[in-house]
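Notes for the structure review
Take a look at the letters that make up each chain.
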Amino acid sequence: MLNNNCRLYQSELDMDLGLKGKNVLVTGATGGIGLVTVRKFIEEGAFVIAHYHHNTAEAERLQHEYSLSILTLGADLSDEIQVQEMFTTISQKVGKIDILVCNAGIWPKADETVAQMSFKRWKRTQAVNLDSVFLCCRAFFRQLQTQIRESANIILIGSTAAIFGEAGHLDYSASKAALTYGFTKTLKNEIVKYARLGRVNTICPGWVKTPMSEDALADTKGVKKVLQTIPMRKIAQAEDIALSILSLASDVLSGHISGEILSVAGGMEGRILFSPTEIDPDTAF
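Scope of this entry: the structure provided in the associated data block. (Residues numbered from 1 in each chain as written. Predicted model: local features only at pLDDT ≥ 70, side-chain atom pairs only at ≥ 80, totals over all residues. Heavy atoms only, no water.)

In terms of regular secondary structure, the protein chain is built from nine helices and nine strands. Against the compact-globule benchmark of 19 Å for 285 residues, the protein chain has a radius of gyration of 19 Å, which places it among compact chains. Taken along its principal axes, the extent of the C-alpha atoms in the protein chain is 55 × 55 × 40 Å. In the protein chain, which comprises 285 residues, the share counted as buried stands at 48%. Sequence-distant contacts, at least 24 apart, represent 73% of the contacts inside the protein chain between residues at least 6 apart. Accessible surface for the protein chain amounts to roughly 14000 Å². Of this, 53% is attributable to carbon and sulfur atoms. Each charge class in the protein chain can be summarised by its mean position, and for the 29 positive and 31 negative side chains these summaries are 4 Å apart. (Helix = DSSP H or I, 4+ residues; strand = E, 2+ residues; numbered from the N terminus. Rg over C-alpha atoms; globule rule 2.2 N^0.38 Å. Buried < 20%, exposed > 50% of the residue type's maximum accessible area, 1.4 Å probe, protein only. Contact = heavy atoms within 4.5 Å. Areas by Shrake-Rupley, 256 points an atom, 1.4 Å probe, with all protein chains shown as cover. Lys, Arg positive; Asp, Glu negative; His and termini not counted. Charge placed at Lys NZ, Arg CZ, Asp CG, Glu CD.)

Moving on, we get to a nonpolar patch on the surface. The grouping of Met15, Val252 and Leu253 at the surface amounts to a nonpolar patch, some 240 Å² of accessible area in total. Structurally, the position occupied by Val252 is in helix H9 (residues 251-254). (Patch = residues over 30% accessible without salt bridge, like charges linked within 9 Å, V, L, I, M, F, W, Y side chains within 5 Å. Salt bridge = Lys/Arg side-chain N within 4 Å of Asp/Glu carboxyl O.)

Below, the discussion takes up unusual backbone geometry. Not every positive phi belongs to a glycine, and Arg233 is a case in point at roughly 50 degrees. Structurally, Arg233 is set in the loop between helix H7 (220-227) and strand S8 (236-237).

A word on the pattern of salt bridges. As enumerated under the stated definition, the model contains 10 salt bridges in all. A salt bridge links Arg39 to Glu65; the nearest nitrogen and oxygen atoms lie 2.9 Å apart. With Arg39 in helix H1 (residues 32-43) and Glu65 in helix H2 (residues 56-65), the pair connects residues that are 26 residues apart, well separated along the chain. Given the relative accessible area of 25%, Arg39 is considered partly exposed. Between Lys96 and Asp98 there is a salt bridge, and its shortest N-O distance comes to 2.3 Å.

Our focus in this paragraph is the packing of helix H4 (residues 119-146) against helix H6 (residues 170-190). One can describe the packing of H4 onto H6 by two numbers: an axis separation of 9 Å at closest approach and a directional angle of 15 degrees. When the interaxial angle is binned, H4 and H6 end up roughly parallel. Relative to H6, the crossing made by H4 is right-handed. Residues Arg121, Trp122, Thr125, Gln126, Asn129, Leu130, Val133, Phe134, Cys137 and Phe141 of H4 form the contact with H6, whose own contacting residues are Leu170, Asp171, Tyr172, Ala174, Ser175, Lys176, Ala178, Leu179, Phe183, Leu187 and Glu190. A breakdown of the residues in the contact of H4 with H6 according to their chemical character gives 13 nonpolar, four polar and four charged. (Axes fitted to C-alpha atoms, helices over the stretch in contact; angles between N-to-C directions. Parallel < 35°, antiparallel > 145°, perpendicular 65-115°, else oblique. Left-handed = near helix turned anticlockwise from the far one by under 90°. Nonpolar A, V, L, I, M, F, W, Y, C, P; charged D, E, K, R; others polar.)

Rendered as C-alpha cells:
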C-alpha cells in the first residue's frame, strides 16, 4: 500500500514515462521552473538542450554536472538571427528535437496601469514572452518539415494571468493570453501536418516560489493577499510545475492530450475566497 506522502513520478512507482532517449529543448533553463524541469527530464533519461540568456554561471554548473546528458546554449530568443543560429547548432550537435518546452519569459515587477505603462515596457515584454515563442515554434516546425516523424511535442508555459488578468501587468497578462489561447489552439492543428501524433499544450502556473516572485512573496501581507484567492492556501514549488511539464511531455501519460490548458495553481480563482484571518502564512510553502 502506497504511503499517502508518496508523490507521482517518485521511484516507488517505478513508472517509465517514455522519455528516455528523447531530445528536449527547454528555454529559460537556468531560472526557477526551468532549472528543475531540466533536472527532471535528465532523471528520466532524456537529453536536454538547456537554453539560457544571461545566467552563464548556472549554465556552466549544469553543463559540468550533467556533461553527458546536456548541451547548454546561450541566445537572446527575441532576436530572429540568434534563434536561427541556436537551432542550427542543435541540428549539427544533437540532431532532431522531440520536445520543445517554451519556458523563457519575464514578469516586470513594477505595478503600472495601462495609463502609466510605457510603450518601451510593453514592447519588451511582448518581445521576450511572445516573439521568442513564435521564433522557437517556427524554427521547430521548420525542422519538422525536413524531418517528418510520428510524434512531436510542444509545451508552452502560460500563466493564470492569462485566465484572470492581472491589474498593473497588462503587458504580461496579454502576452501569456496570446500563448495560452492563440498559440495552443492554432499550433495543435498545425503540428499534425508534420507529425501525425504531434501535440501542443499549455501549462498555466499560478503563484510559484521562484526567484522571479521572491519580492512579491517576501512579506506576510503579500503572502496573505495571494492565498486569499487559492482554495488550497499554499504556494506552488517549482517542482510542481516541472512535474506537470513532464506529464504532458510523456506520450505514456498524455499521448491523447493536445490543445489543452492545464492550470497548476491550487484551484486559484479570480476572486477573494478567504478573509485575511483565515490565512496562515506559515503553511504557505
